[in-house]
Amino acid sequence: MTERLLIVIAFIFSIVCGFIFIPMILNYCKEKRLYDIPNSRKMHHNKVPRLGGISFLPSMLIAFLLTTFVINPFTGYEEVNLSLWSLYFFVSLMLIYGVGFIDDLIGLDARTKFLVQIIAASLLPMSGLYLNDLYGFLGIHEIPYVVGAPLTVFVIVFINNAINLIDGIDGLSACLSFIALTGFLICFIREDIYPYAILIAGLMGVIVPFLYFNLLGKAENNRKIFMGDSGSLTLGFILGFLTVKLSMDNPNVMPLKDDNRLLIAYSLLIVPMFDVVRVSLIRLRHHTPIFQADKNHIHHKLIRTGQNQHQALISILLLALLYIGMNLLLLGVTSLTIIVAIDILLWIGFHALLNRAILKNGKAVFLNPQNNE
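A brief look at the structure comes next.

What counts and what doesn't
Residues numbered from 1 in each chain as written. Predicted model: local features only at pLDDT ≥ 70, side-chain atom pairs only at ≥ 80, totals over all residues. Heavy atoms only, no water. Helix = DSSP H or I, 4+ residues; strand = E, 2+ residues; numbered from the N terminus. Expected span 1.5 Å × (residues − 1). Buried < 20%, exposed > 50% of the residue type's maximum accessible area, 1.4 Å probe, protein only. Axes fitted to C-alpha atoms, helices over the stretch in contact; angles between N-to-C directions. Parallel < 35°, antiparallel > 145°, perpendicular 65-115°, else oblique. Contact = heavy atoms within 4.5 Å. Nonpolar A, V, L, I, M, F, W, Y, C, P; charged D, E, K, R; others polar. Pairing = 2+ DSSP bridges. Core = buried A, V, L, I, M, F, W, Y, C linked by side-chain atoms within 4.5 Å. Left-handed = near helix turned anticlockwise from the far one by under 90°.

### Details of helix H6 (residues 172-190)
In step 1: Over its 19 residues, H6 runs 27 Å from end to end, which matches the ideal 27 Å to within 8%, given 1.5 Å per residue.
In step 2: For H6, the tally of buried residues reaches 15 of 19 residues, placing the bulk of the element in the interior.
In step 3: Once H6 finishes, Asp192 follows within two positions and takes phi at roughly 60°, a positive value.

Given below as structure tokens:
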């Protein structure tokens, strides 16, 4: 019970930090005129401060440190030890946070951000943390380091970009991340890995005040804020790390109880991962740069059916929860490969229905990435 109390305390600490930091960031953005300016591709119509994500990492770390090293000694709970890959993770996270911060302040090209993501992700296999088992997916089980290391880098960078690219309407990236973090929190609690559970709770906490300002704040009152790349890249990298951390089979260091953890980690992130694959295929089809922004993401399509931003947000969140619930029900019933195949078929069917609704509304099913028309 003591461990779960620490998790709750970390969550509350982070909420408080968020409600302190975000108004300070709003005032700073107003003073320095740091705004996300509307254009033909973006969904908002007023200039909005874009540095909300700067609050994520400090709030999470303050909550973690206060809970772990200040309150924890008075609870009688065991001392927290940080592993080598935990230290590498924090170094990598600082790289990601830094590049996101710089991009929000002065702007960086996509290739530079992509290169830093690869460097940051590569540090984790160097510390010994990598995907070493696919648990029967496509008939593959244990995989060697020479395969697992580059696969780990790919997975982390892929998830990082998926969370970053789906950040197109109010609350979407944050809410999808909150759902995924909730799932990871439950998994790490079940595995009795409480330091990471506390860290996750700290990140979840700051998302609450961010959503308050992002969804309910008014731009004209200087109370609305976007997370920017400092937020979406930070969330994406942490989710990628947690995916690898939960999925790695390492009984000598951290024996895990659930052999379905790879499926669970994958299920928590289906919507952003599937969406970035679909959009990338459209860009390749039209011979446009893979990093070129367009209006073909799932939220853009839902809006072309006639939904507003909040309706599109709810629809996507329900779809994400449907995937998670369905895959959990299929656990133990069929193989991981078949579950993934069912997920893909459901995704294709969903978009077929979506395309019909778009055409019925008199809109184009997808927009040419070259001109967004």
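### Section: the packing of helix H5 (residues 145-165) against helix H10 (residues 270-285)
In step 1: Where H5 contacts H10, the axes come no closer than 8 Å and their chain directions differ by 85°. Judged on the interaxial angle alone, H10 and H5 are roughly perpendicular. For the pair H5 and H10, the contacting residues are Phe158, Ile159, Ala162, Ile163 and Leu165 in the first and Pro272, Met273, Val276 and Val277 in the second.
In step 2: Residue composition of the contact of H5 with H10, by class: nine nonpolar, no polar and no charged.

### Looking at the pairing of strand S3 (residues 133-137)
In step 1: Most of S3 is tucked away, with four of its five residues classed as buried.
In step 2: Where S3 meets strand S4 (residues 140-142), two bridges bridge the pair, whose relative direction is antiparallel. Residue pairing across strands places Asp133 opposite Glu142, the latter belonging to S4.
In step 3: Here S3 folds back onto S4 in antiparallel fashion, the turn holding two residues, of which Leu138 has a positive phi close to 55°.

### Considerations on the nonpolar core
Most often, soluble globular proteins have nonpolar side chains that are buried together.
In step 1: Core analysis: the largest hydrophobic core is formed by 106 residues, its most contacted members being Phe184, Phe188 and Val271.
In step 2: A per-element tally of this core places helix H7 (residues 194-216) first, with 14 residues.
In step 3: Apart from the residues within four sequence positions on either side, Val271 is in contact with Ile166, Leu176, Ile316, Leu319, Ala320, Tyr323 and Trp347.

### Examining the packing of helix H4 (residues 110-126) against H5
In step 1: As a packed pair, H4 and H5 sit with axes 9 Å apart at the nearest point and diverge in direction by 135°. If you check the angle between H4 and H5, you find them oblique. When you trace H4 past H5, the crossing you get is right-handed. Within the contact between the two elements, H4 uses Phe114, Gln117, Ile118, Ala121, Ser122, Leu124, Pro125 and Met126 and H5 uses Tyr145, Ala149, Thr152, Val153, Ile156, Val157, Asn160 and Asn161.

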